[in-house]
Amino acid sequence: MAYYAEKNFFEDQQLIELVTNILSGNLTLEWYTAEGGRVRARPSDLRRGLTYEDCNLGPYGYDAIPEFVRNRYSMAARGSVLVSKLPDLGYTINRRSDVWSDNVVALYEEAKARRWAPAVDVPWAELTAGDSVREAAMAQLCTFLEEVALVAMEMPSKWVFSINQEFLELKSFLCAQMIDEARHVEAWRKRALTSGHGLGRASVSAEQALKELLSAETYPEASLGTNLLLGSFVLAMCRAIAALAETRADRLLATLAMQDVARSVAYGVGHMRYHLAHQPGKAVALAEYLDRTEHVVLGIAGSPEFLEPVVILAAGSVDRDRLAAGSRFARRWYTSAVEEYFERAAAVGLPRRERSRLPRLDV
Amino acid sequence: MPAVSAPPPLRFPSRDFFEALREAMRAERERFSRLGFFDTTFGVRISSDDGGEPAEFALRFEVFDCVGVESLAGVETDFVVEGPFAAWREMLDTIHALGAADTAHSLNTLTHFGEQLRVRYDDPDGHDKLYRFAESIQEFFDLSARLDFAYPDGSRPPAARAERQRSAR
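Because the structure is predicted, anything quoted here is derived from the model rather than measured.

Reading guide: rules and limits
Residues numbered from 1 in each chain as written. Chains lettered and ligands numbered in written order. Predicted model: local features only at pLDDT ≥ 70, side-chain atom pairs only at ≥ 80, totals over all residues. Helix = DSSP H or I, 4+ residues; strand = E, 2+ residues; numbered from the N terminus. Buried ≥ 20, exposed ≤ 12 C-beta atoms within 10 Å, placed from the backbone. Contact = placed C-beta atoms within 7 Å. Domains from an automatic or database assignment. Nonpolar A, V, L, I, M, F, W, Y, C, P; charged D, E, K, R; others polar. Pairing = 2+ DSSP bridges. Axes fitted to C-alpha atoms, helices over the stretch in contact; angles between N-to-C directions. Core = buried A, V, L, I, M, F, W, Y, C linked by C-beta atoms within 7 Å.

(A) Expanded view of the overall build of chain A. Helix and strand counts for chain A stand at 12 helices and zero strands. Helices and strands in chain A line up, N terminus first, as α-α-α-α-α-α-α-α-α-α-α-α. With the C-alpha coordinates of chain A rotated into their principal frame, the extents come out at 85 × 50 × 45 Å. Out of the 363 residues in chain A, the part that is buried amounts to 41%. Intrachain contacts of chain A at a sequence separation of at least 6 include 76% that bridge at least 24 residues.

Structural data, given as structure tokens:
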């Protein structure tokens, strides 16, 4: 549905006359008399530079955003002087506690400061054609992780336009998440293509599970499902790859990816804490969301396209005895990932230990 | 001229050891700046082999710097990494020999299933800082490769291997 400005500016004689006057030196200076808040932002710590926290000043600050944004639906910069006829952008998420997290501003600054470039920050030249089975497993694992990263990239993109731009730091963080995940798509893809095996096989169970997460009906559900639930397991996956790495390149790649995912998890935890602190009644609905959604973990982490490569990487070979050791590693990995997910869920006020149907394994 | 004796080696575990790491980090400002903001306070607890009191320190990081090394008691930390002296020694020996931890002796691997080192925390949000700043934390400990230090029994970490390089295995 297209939007058209109220005039064709080519045919707006009043505007053309105004422009002509200004270019002749006759300024209106209406903007100069606008009475916005007078502030002067300065870096509080020169090592960090000028951060959004330093700009959290009066009407310009994020502290001033109300719980319900009732009168700002255009792209006007937060704190600027509003005039009539500003277009409504149609934002549908206008409640602060539906999106906000107390740590989101710091996480945005952290995301920029801790950025990395897969092309040059991973010592690709150190990867040599190694054991074929192991490299095949790594290529499959990276194929799987590229699928996951694509969905993790798309989740914020699906919501960012619907969120009121008063929450500009939050929206910027969502964009940083997209950049993080674009980086993971790149990194996992490049790692698969350096293996000598090329990409592996797509996973039907993982993709269906990921689509279910992507199709969450509300932003709080989407954030809970992708940042906290999926993020907990992807973080654990990166951790396992770093622990199983045979080269510094693989260890660094997995560690740097893990750092990025951990920021999304931290936002997910902070977001749920903020959301439930302001809307405690939503705990029931979100617990029910997890009841019906946690099964996706099995579709993702239980898919052979993920689990078997992990077993082989942990085993180091396809020798039967070694595979048994690899399977033990995978069981312990899963158990540890579930445990950390339960801890995070409990910390935000959604206890899952007794309620969740996620399988518990003997380790 | 009177002979000038070399300064005695640092002792691990000790506050001086971590202060020396802090100085080494300052000398690597560019590298740590490249890794990005590093904001956490965490504890290290080294249990004594003889059942004595553990050695405990709190390490405070801000932006790109280690801004404090203090006694752990009374300090609010995001997490505490704890383990027996033998596990810490094995990690430091490997770092000293190789110039950096290999995969088996990285903090990530050592804490993975809590067998060699354990991570204690009250809030998972604090624990997740171990993941958010993983590479900075690892590279901080890797700086111990440059330190001249000895263990309580007077023994030293192994000399750097001739082929010492940053490698995973």
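(B) Layout of the domain arrangement of chain A. Residue and element names in this part refer to chain A. According to the domain assignment, chain A consists of domain 1 (9–64) and domain 2 (96–347). Computed from C-alpha coordinates alone, the two centres of domain 1 and domain 2 are separated by 40 Å. Of the residues belonging to the side of domain 1 that touches domain 2, the class tally is two nonpolar, one polar and two charged.

(C) Examining helix 5 (residues 124–132) of chain B more closely. Within helix 5 of chain B, seven of the nine residues are buried, leaving the element largely enclosed by the surrounding structure. When we look at burial in helix 5 of chain B, the residues that qualify are B:P124, B:H127, B:D128, B:K129, B:L130, B:Y131 and B:R132.

(D) Local environment of the sheet that holds strand 3 (residues 55–62) of chain B. Residues and elements named next belong to chain B. One open sheet holds the five strands; their spatial order is 4-3-2-5-6, and the pairing between them is mixed. Edge positions in the open sheet fall to strand 4 (65–71) and strand 6 (118–120), since each of these has one partner strand only. Each adjacent strand pair in this sheet contributes to an overall mean axis angle of 25°, direction not counted. Pairing of strand 2 (residues 40–47) with strand 5 (residues 79–84) involves six bridges; the strand directions are parallel. Directly across from V44, in strand 5, lies its bridge partner V81. Sheet strands in contact with helix 5 are strand 2, strand 5 and strand 6, and its direction is about 70° off that of strand 5.

(E) Structural detail: the nonpolar core. Counting 135 residues, the largest nonpolar core has A:F173, A:F233, A:L235, A:C238, A:M258, A:I300 and A:V310 as the members making the most contacts within it. Among the elements that line this core, the one with the most residues is helix 7 (residues 219–244) of chain A, at 16 residues. When sequence neighbours within four positions are dropped, the list of residues in contact with A:M258 reads A:L235, A:C238, A:R239, A:A242, B:Y131 and B:A134.

(F) Just the pairing of strand 2 of chain B, in detail. Where strand 2 of chain B meets strand 3 of chain B, seven bridges bridge the pair, whose relative direction is antiparallel. Within the sheet, the bridge partner assigned to B:V44 lies in strand 3 of chain B and is B:F57.

(G) Representation of the interface of chain A and chain B. The partner chain B presents 23 residues to the 31 residues of chain A that form the contact. Residue contributions to the side of chain A that touches chain B peak at 11 residues, all from helix 8 (residues 248–278) of chain A. Grouping the constituent residues of the side of chain A that touches chain B by class yields 12 nonpolar, four polar and 15 charged.

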